[in-house]
Amino acid sequence: DIEYNAGIRGRSGSNGDDGTDREYNSAGVLSETTFDRFNNRAYNGAGTLNASTWLGENFVRLNTELFVESRDTHLGSHITPQLPGNDPGREATDGDIMLKRYELGTDVERLLQKDLLGKAILLFSYKDNDVQDDELIFDRNDHVTLQTIADTETITTELITRFEFDWARWEDHAIQANFELAYNKLENGLLQTENTGRGVVEVIVPGANTTVEESRGDLMVQDTWTLGEFEVDLGIGGEVSEISQTGDAEQKRDFFFIKPLAMLTYSPSKSSQTRLRVLREIGQLNFSEFVSTAVFEDNDLALGNPNLRPETTWISEISREQRFGEVGVVTLTAFHHWITDVQDLLPITDEFEVPGNIGDGRRWGLELEGAMPLT
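Here's what I pulled together on the structure shown here. Counting starts from 1 at the beginning of each chain's written sequence and moves along it residue by residue. For a predicted model such as this one, the threshold for reporting local features is a pLDDT of at least 70, and the threshold for listing and counting side-chain atom pairs is 80 or more; totals across whole chains, interfaces and linings nevertheless cover every residue. Just so you know, side-chain values use all the structure's heavy atoms and leave hydrogens and water out.

Digging into unusual backbone geometry
Then comes step 1: Backbone geometry places D142, a non-glycine residue, at a positive phi of 65°.
Then comes step 2: Turning to its location among the elements, D142 is positioned in the loop between β5 (116-138) and β6 (144-167).
Then comes step 3: We classify D142 as partly exposed; its relative accessible area is 41%.
Then comes step 4: Positive phi values are uncommon outside glycine, yet D172 reaches one of about 70°.
Then comes step 5: Mapped onto the secondary structure, D172 falls in the loop between β6 and β7 (173-195). Comment: elements are numbered from the N terminus, with helices defined as DSSP H or I runs of at least four residues and strands as E runs of at least two. With a 1.4 Å probe rolled over the protein chains alone, any residue whose accessible area is under 20% of its type maximum counts as buried; one over 50% counts as exposed, and the rest are partly exposed.

Quick notes on the side chain of T33
Then comes step 1: With respect to the element layout, T33 can be found in strand β2 (residues 30-55).
Then comes step 2: Judged by its relative accessible area of 18%, T33 falls in the buried class.
Then comes step 3: Within the structure, T33 has its side chain in polar contact with the side chain of Q82 (distance 3.1 Å).
Then comes step 4: Residue contacts follow a heavy-atom distance rule, with two residues in contact if any of their heavy atoms lie within 4.5 Å. The residues touching T33, leaving out its near neighbours within four places in the chain, are T20, D21, R22, H78, I79, T80 and Q82. Polar contact is defined as a pair of N or O atoms within 3.5 Å, subject to the rule that within protein one atom must be able to donate a hydrogen and the other to accept it, and that residues adjacent in sequence are counted only when both atoms are side-chain atoms.

Points about a negative patch on the surface
Then comes step 1: Two joining distances apply to patches: 9 Å for like charges and 5 Å for nonpolar side chains (Val, Leu, Ile, Met, Phe, Trp, Tyr), and every residue must have over 30% relative accessible area and no salt bridge. Per-residue accessibility takes into account occlusion by the displayed protein chains alone, with areas from the Shrake-Rupley method and a 1.4 Å probe. Salt bridges are counted wherever a side-chain nitrogen of Lys or Arg sits within 4 Å of a carboxyl oxygen of Asp or Glu. Residues counted as positive are Lys and Arg, residues counted as negative are Asp and Glu, and His and the chain ends are not counted. Every charge is mapped to an atom, namely NZ of Lys, CZ of Arg, CG of Asp or CD of Glu. On the surface, a cluster of negative charge is made up of D72, D94, D96, D130, D151 and E153.
Then comes step 2: Elements that contribute at least two residues to the negative patch include exactly β4 (89-113) and β6.
Then comes step 3: Position of D96 among the secondary structure elements: in strand β4.
Then comes step 4: What makes D96 partly exposed here is its relative accessible area of 40%.

Observations concerning the environment of D233
Then comes step 1: Position of D233 relative to the elements: it lies in strand β10 (residues 230-247).
Then comes step 2: Residues D233 and I175, 58 residues apart in the sequence, show an inter-C-alpha distance of 9.6 Å.
Then comes step 3: Residue contacts for D233: discarding those within four places in its chain leaves Q222, D223, T224, L261, A262 and M263.
Then comes step 4: Among the polar contacts listed, one links the side chain of D233 to the side chain of T224, at a separation of 2.6 Å.

Description of the environment of G356
Then comes step 1: Tracing the chain through its elements places G356 in strand β18 (residues 353-357).
Then comes step 2: Assessed through its relative accessible area of 0%, G356 is described here as buried.
Then comes step 3: Considering only alpha carbons, one finds G356 and E289, 67 residues apart in sequence, at a separation of 8.8 Å.
Then comes step 4: Non-local contacts of G356, meaning those with residues more than four positions away in its chain, are made with N305, L308, V342, Q343, D344 and L346.

Points about the nonpolar core
Where a protein is soluble and globular, its nonpolar side chains tend to be buried together.
Then comes step 1: Here, nonpolar core refers to any group of buried Ala, Val, Leu, Ile, Met, Phe, Trp, Tyr and Cys residues whose side-chain atoms link them within 4.5 Å. Core analysis: the largest hydrophobic core is formed by 11 residues, namely L186, V212, I243, F255, F257, I282, L285, F287, F290, V291 and L308.
Then comes step 2: Discounting residues that sit within four places of it in the chain, I243 has contacts with V212, E213, E214, Q251, K252, R253, F255, L285 and F290.
Then comes step 3: In this structure, A150, V205, A208 and F296 belong to the second largest nonpolar core, which totals five residues.

Overview of the packing of aromatic side chains
How two aromatic rings sit relative to each other is given by the distance of their centres and the angle of their planes.
Then comes step 1: Classification of ring pairs uses Phe, Tyr and Trp, with its six-membered ring standing for Trp, and accepts pairs whose centres are within 6.5 Å; under 30 degrees between planes counts as stacked, over 60 as edge-to-face, and the remaining range as tilted. Within this structure, the stated rule accounts for six aromatic pairs.
Then comes step 2: Plain terms: the ring middles of W167 and W170 are 5.7 Å apart, the flat faces sit at 50° to each other, and that makes the pair tilted.
Then comes step 3: Among the residues examined, W167 registers a relative accessible area of 29% and is labelled partly exposed.
Then comes step 4: Here, over-ring charges are defined by two tests on the NZ atom of lysine or the CZ atom of arginine: distance to the ring centre within 6 Å, and angle to the ring normal within 35 degrees. Over the aromatic face of F138 sits the side chain of R90, whose NZ or CZ is 3.8 Å from the ring centroid.

See below:
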C-alpha cells in the first residue's frame, strides 16, 4: 500500500575561464594589467527516497534527500605593472570546498469535516559547507612573499512547520487559513592565518565568527468570493520574528509586519480575463550577509552587517490575459512597486562596503508573456 521512489544520481565536471583585468589610477592612467586563468572541478552525488500512502483517512507523504559535493578551484594571476617603479609578480589561489546537505520533509492531508480540508507540513534541512582557501603571492623572482590560509565552516539549519486549512462551507466562498512557524540558524567560523616567512600569524576578521538565529511566525487568512463574472480575493496576514546574533556581534531585534492582499478578477468569457492586484510582500533576510568573509581574488574583505532589515514591498499590478484556442495565450501586465528598506551595498570607506538598507525605492514596468502551439 506504499508508493515509493528511490534514486541516486552523480555528476562530475570541470570548466575554466581566462580574462584580463586592467587597473587605472586616479588620473586615469593604466597602472597594472592582470591576466587571470581560472579552473574548477566538481564532483557531487545525491540519494533520494520519496514515499506516500494512506494511513486510515490520512494521506501521508515523505521526501528525503542526501547531497554531497566536493569542489576544487584554482586561480592563477600574472601581474604586469604598466608604470615604472613596480615589480611584476603572480598570485595563485586554491580552494577546496566540501558541501553536505540533508533534507527531510513530510506532510499529512486529511478531510477534517465535510467542507474542511486540513494539511500539516514539516520540513527540516541541514547544510554543512567547509571551505579552505590558500593564497600564495610571488615576487618577480618567483619566491613566495606571502601565504594566506582561510578555513571557513558554515552550518545552516532550518525547521519549518506549516498548517493549511481550506473551508468551503459557504456557497461561492473558498476560505483559506495558513499558519507557519520557522526556525533558522547559521553558525559561521573562520580561522585565517598569514605567513610572510617569519612564521604563521593569525588574522582577526571582524564579524566572521558568529551565530545568527531567527524564530518566525506567519499567519494568513484569505477569502475567495465568486460573483458571476467577477472573483474577489481578500486576505490579511501578519509576520512576527525575532533575530538574535552572538559571537563577534551581540544583539537581538524584533520585527512585526502586516501583510494585506486584495485581488479583483473579471472573466467575461473563457478566453479573456482582467486582474487587478494589490498586496504587501516581506523579503526574507540572507543570513550569510550578516557574516564577514575573506575574498582572496580581490585581496579584500566582504564585511557582514548585523543590522540588516527585511525589504518590504507594496505591489500593485493590472494584467490582461487573452487565450487563443486550447493552448495559445498572451498576458500583458503593468506593475508598480513601492519598496522600503531597499537592500543593496553601503560604502563605509573608500575601499570597503557592506550589505545594507539604502532607503526607499520604486520599481515599475511592463511584462509581456505569450505561448503559442507549434506543429
